[in-house]
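# Geometric and topological summary
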Amino acid sequence: MNAKEISLEEKAVKPVVDHLNDLLANYHIHYQKLRGCHWNVKGQSFFTLHVKFEELYTAALTTIDELAERILTLGKPPYSTFKDYIGTSTLKEIQTIGLKDTDMVKAIIEDMATLIEMERELLEITDKAGDDGTNDMVNRFMQFKEKNTWMLRSFVNED
Ligand SMILES: [Fe+2]
């Protein structure tokens, strides 16, 4: 850890780093789920959802890199193996081959709800650690998913 190099207290930052690594692992599962949906979606909404899933996995990829590099900035190595991702993630993999298009959207909404919950927890932890940088970054990720949750729920007609 070298949080002190950026005027943060190591002990306070440790839970931030641990939670960032958890979020990173979950994001990898979410990312691959989006790719599966992008590849395997079928039906009348193909052109809409194929593009939407691509938009979302592209955003997830950027998020993954920002999370990993924030962990490094705070002085620890990020998880970087699939073994770690699968072992750590709360989100579970799903089979997207043959999955109905609306069920794909519902699976992504569920993922986002879990990720948002984790991010809210991280916002509290970063607040306690005085880590405004991580707080600001995670807040951005959360707002992106909050908005997309609304759009995806509108797509499947859920209030
Ligand atoms: Fe593609």
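Residues numbered from 1 in each chain as written. Predicted model: local features only at pLDDT ≥ 70, side-chain atom pairs only at ≥ 80, totals over all residues. Heavy atoms only, no water.

Time to look at the overall build of the protein. Across its full length, the protein holds 5 helices and 0 strands. On C-alpha atoms alone, the protein measures out to a radius of gyration of 17 Å, which is about the 15 Å that the 2.2 N^0.38 rule sets for 159 residues. Projecting the C-alpha coordinates of the protein onto the three principal axes gives extents of approximately 55 × 35 × 20 Å. The contacts in the protein between residues at least 6 apart in sequence include a share of 78% that link residues at least 24 apart. Here the protein carries 19 positive and 27 negative side-chain charges, and the mean point of each set is 3 Å from the other. (Helix = DSSP H or I, 4+ residues; strand = E, 2+ residues; numbered from the N terminus. Rg over C-alpha atoms; globule rule 2.2 N^0.38 Å. Contact = heavy atoms within 4.5 Å. Lys, Arg positive; Asp, Glu negative; His and termini not counted. Charge placed at Lys NZ, Arg CZ, Asp CG, Glu CD.)

Turning our eyes to something else, we now look at the side chain of His 38. If you trace the backbone, His 38 turns up in helix 1 (residues 10-40). Not counting residues within four places of it along the chain, the set of residues in contact with His 38 comprises His 50, Phe 53, Glu 54 and Tyr 57.

The next point concerns the UniProt feature "domain: Ferritin/DPS" (unreviewed entry) in the protein. Here, the residues flagged by UniProt with the feature "domain: Ferritin/DPS" (unreviewed entry) are residues 18-157. The span residues 18-157 shows a helical share of 79% and a strand share of 0%, and its end C-alpha atoms are spaced 37 Å apart. (UniProt positions renumbered as here; feature names shortened; annotations may be inferred.)

Attention shifts here to the pattern of salt bridges. Summed over the entire model, instances satisfying the criterion amount to 8 salt bridges. The salt bridge involving Asp 18 is made with Lys 76; its shortest N-O contact spans 3.8 Å. Here Lys 76 lies in the loop between helix 2 (46-73) and helix 3 (82-88) and Asp 18 lies in helix 1, a separation of 58 residues in the sequence. The partner of Glu 119 in a salt bridge is Lys 145, and the shortest N-O contact between them spans 2.7 Å. Of this pair, Glu 119 sits in helix 4 (residues 101-129) while Lys 145 sits in helix 5 (residues 132-155), placing them 26 residues apart in sequence. Through salt bridges with shared partners, one network takes in Lys 14, Asp 18 and Lys 76. (Salt bridge = Lys/Arg side-chain N within 4 Å of Asp/Glu carboxyl O.)

Right, let's get into the nonpolar core. Counting residues in each nonpolar core, the largest one holds 45 residues, and the members touching the most others are Leu 20, Tyr 27, Phe 53, Leu 67 and Ile 108. Tyr 27 has contacts with Ala 60, Thr 63, Ile 64, Leu 67, Leu 115, Glu 119, Phe 141 and Lys 145, leaving out every residue within four places of it along the chain. (Core = buried A, V, L, I, M, F, W, Y, C linked by side-chain atoms within 4.5 Å. Buried < 20%, exposed > 50% of the residue type's maximum accessible area, 1.4 Å probe, protein only.)

Attention now goes to the packing of helix 4 against helix 5. If you want to describe how two helices pack, look at the angle between their axes and the distance between the axes. At a minimum axis separation of 9 Å, helix 4 and helix 5 run at an interaxial angle of 155 degrees. Relative to helix 5, the element helix 4 is oriented roughly antiparallel. Here helix 4 runs over helix 5; the crossing is left-handed. Residue composition of the contact of helix 4 with helix 5, grouped by class: 13 nonpolar, 6 polar and 6 charged. (Axes fitted to C-alpha atoms, helices over the stretch in contact; angles between N-to-C directions. Parallel < 35°, antiparallel > 145°, perpendicular 65-115°, else oblique. Left-handed = near helix turned anticlockwise from the far one by under 90°. Nonpolar A, V, L, I, M, F, W, Y, C, P; charged D, E, K, R; others polar.)

Let us now look at helix 5. Between its first and last C-alpha, helix 5 extends 35 Å over 24 residues, near the 34 Å set by a 1.5 Å rise per residue. If you follow the buried residues of helix 5, they end up packed against helix 1, helix 2 and helix 4. After helix 5 finishes, the residue Asn 157 shows a positive phi value of roughly 60 degrees. (Expected span 1.5 Å × (residues − 1).)

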